[in-house]
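Understanding the architecture of this molecule
Here is how the chains run, residue by residue.
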Amino acid sequence: MKVCLFFLSVLFTAAAGAEITVIDQQQREVTLEKPAQRIIALAPHIVENVFSAGAGDKLVGVVSYSNYPPRASDITVVGDYQAWSLEAIVALEPDLIVMWASGNGIRKLESLTRLGVPIYVSEPRSLADIPATIRSIGALAGTEAVSAAEATRVEAEIERLSLAYQTRPIIEVFYQVWNEPLQTINGDHLISRVLELCGARNSFYNALSLAPKISVESVLHKNPDAIVASGMGDARPDWLDEWLDYPFLTAVQQQALIFVDPDYLQRPTARLLIGAAELCQKLDDVRK
């Protein structure tokens, strides 16, 4: 079924020189006359996915914090994920731009479209969107053999984790993005799909916005079984231990203040499965 869905979204003929058309994650048709040779990626996770698709050597422009794989650091930076230089983009003569709908801001699509360069919009909201994105980028770049193999590997790991944890007792988890202001994610966020993969439920699943700001009191009221923090770097944030001031919290009593490297959990890339495996194991330890 997954293979069938892919070929519904990647429409191209076998004839030499045929146009390549894919459907992006905003349901837009993106058509190239030939495989892209000069790609600009406007988010760090997109850079990773281009490399996963086997098209890293075609990247000519990235944004700041594009730090994986390490050789991405050698590529020209055109700005950050919220603001970039149109002049710098034009100077690089791209034949494909890949942007991030919610992170870059979908309203910026219009100004990019005026450049006359095909634009693929990435907006992964499900785990299946990650391998689908890798496949689509591979189709656009003419690296289908590499992208298909990597996408299949990612799908197999998702399936493995699902089979391992879906029958375990469900536990409530508060996912803490930041401490000041106190911020979390709702049920529409991709991280909620990771929690579900681990047999857990986001305590703020029903929040209205994608990344709501909340109060300490609301967390105390939810009384989650575990608190998972991300932060901004690969070190456990000191503020996670601020919850020790509330010894009556179930998460504190169970010593379930958990940290997972945000690069492994907050970027919708193949590496998310590394973070998912780590998180699932730590949450399973809480169950036990």
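Please refer to the structure higher up on the page.
Our subject in this report is the structure included herewith.

So, how was this worked out
- Residues numbered from 1 in each chain as written.
- Predicted model: local features only at pLDDT ≥ 70, side-chain atom pairs only at ≥ 80, totals over all residues.
- Heavy atoms only, no water.
- Disulfide = S-S within 2.5 Å.
- Helix = DSSP H or I, 4+ residues; strand = E, 2+ residues; numbered from the N terminus.
- Buried < 20%, exposed > 50% of the residue type's maximum accessible area, 1.4 Å probe, protein only.
- Pairing = 2+ DSSP bridges.
- Axes fitted to C-alpha atoms, helices over the stretch in contact; angles between N-to-C directions.
- Contact = heavy atoms within 4.5 Å.
- Phe/Tyr/Trp six-rings, centres within 6.5 Å; stacked < 30°, edge-to-face > 60°.
- Right-handed = clockwise from strand over helix to strand, strands pointing away.
- Expected span 1.5 Å × (residues − 1).
- Arc of directions from axis to C-beta.
- Patch = residues over 30% accessible without salt bridge, like charges linked within 9 Å, V, L, I, M, F, W, Y side chains within 5 Å.
- Areas by Shrake-Rupley, 256 points an atom, 1.4 Å probe, with all protein chains shown as cover.
- Salt bridge = Lys/Arg side-chain N within 4 Å of Asp/Glu carboxyl O.
- Lys, Arg positive; Asp, Glu negative; His and termini not counted.
- Charge placed at Lys NZ, Arg CZ, Asp CG, Glu CD.
- Polar contact = N/O pair within 3.5 Å; in protein donor to acceptor, adjacent residues only side chain to side chain.

Attention now moves to the state of the cysteines. One way to say it: the disulfide is the covalent bond shared by the sulfur atoms of two cysteines. According to the stated counting rule, one finds one disulfide in the structure shown. One disulfide in the model links Cys 198 with Cys 280; its S-S distance is 2.0 Å. An S-S torsion of about -85° defines the bridge between Cys 198 and Cys 280 as left-handed. Taken together, the positions of Cys 198 in the loop between helix 8 (190-197) and strand 9 (200-202) and Cys 280 in helix 11 (residues 272-287) put the pair 82 residues apart, joining distant regions of the chain. A single burial state applies to Cys 198 and to Cys 280, both of which are buried.

Glancing now at the sheet that holds strand 6 (residues 96-100). Taken together, the four strands give an open sheet; going across it, the order is 5-4-6-7, and neighbouring strands pair in parallel fashion. Two strands in the sheet have a free side with no partner beyond their single neighbour: strand 5 (59-61) and strand 7 (119-122). Strand-to-strand twist of the sheet, defined as the mean angle between neighbouring strand axes without regard to direction, takes the value 30°. In this sheet, strand 6 lies alongside strand 4 (residues 39-41) in parallel orientation, the contact comprising three bridges. The residue of strand 6 that forms the bridge with Ile 40 is Ile 97. Packed onto the sheet, helix 2 (residues 44-52) meets strand 4, strand 5, strand 6 and strand 7 and runs at close to 130° relative to strand 6.

Further remarks concern the packing of aromatic side chains. A full pass over the atoms with the stated rule returns six aromatic pairs. Summarising the aromatic geometry, the rings of Trp 178 and Trp 239 are spaced 5.7 Å apart at their centres and angled 70° between planes, so their arrangement reads as edge-to-face. Residue Trp 178 is located in the loop between strand 8 (171-176) and helix 8, and its partner Trp 239 is located in the loop between strand 10 (226-229) and helix 10 (250-253); the two are separated by 61 residues in the primary sequence. Judged by its relative accessible area of 30%, Trp 178 is partly exposed.

What follows concerns the pairing of strand 8. Counting buried residues in strand 8 gives five out of six residues, a clear majority hidden from the surface. The parallel pair strand 8 and strand 9, bridged by helix 8, forms a crossover whose chirality is right-handed. Sheet topology note: the strand 8/strand 10 ladder contains four bridges and is parallel. Note on strand 10: the bridge partner recorded for Phe 174 is Ile 227.

A separate point is helix 11. Counted at 1.5 Å a residue, the expected span for helix 11 with its 16 residues is 22 Å, and the 22 Å between its end C-alpha atoms agrees. Turning to helix 11, its buried residues are Leu 272, Leu 273, Gly 275, Ala 276, Leu 279, Cys 280, Leu 283, Asp 284 and Val 286. Taken end-on, helix 11 shows its buried residues confined to a sector of 165°, consistent with a single buried face.

For a regular strand, side chains alternate in direction, first toward one face of the sheet and then toward the other. One ladder, built from four bridges, connects strand 2 (residues 20-23) with strand 3 (residues 29-32); its direction is antiparallel. Residue pairing across strands places Ile 23 opposite Glu 29, the latter belonging to strand 3. Counting the residues that bridge the hairpin from strand 2 to strand 3 gives five residues, and of these Gln 27 lies at a positive phi of roughly 60°.

Taken together, the side chains of Glu 180, Asp 238, Glu 242 and Asp 245 present a region of like negative charge at the surface. Mapped onto the fold, Glu 180 is located in the loop between strand 8 and helix 8. Look at Glu 180 and you get exposed, because its relative accessible area is 64%.

The next thing to look at is the environment of Ser 102. Within the element layout of this structure, Ser 102 appears in helix 4 (residues 101-105). Looking at Ser 102, the relative accessible area reads 40%, which means it is partly exposed. On a C-alpha basis, the gap between Ser 102 and Val 121 in space is 9.7 Å, while along the polypeptide they are 19 residues apart. What Ser 102 contacts, discounting residues up to four positions off in sequence, is Glu 123 and Arg 125. A distance of 3.3 Å separates polar atoms of two side chains, one belonging to Ser 102 and the other to Trp 100.

Relative to the elements of secondary structure, Ala 101 occurs in helix 4. Expressed as a C-alpha distance, the spacing of Ala 101 and Ala 43, which sit 58 residues apart in the sequence, is 10 Å. With sequence-adjacent residues up to four places away left out, Ala 101 is seen in contact with Gln 26, Ile 106, Val 121, Ser 122 and Glu 123.

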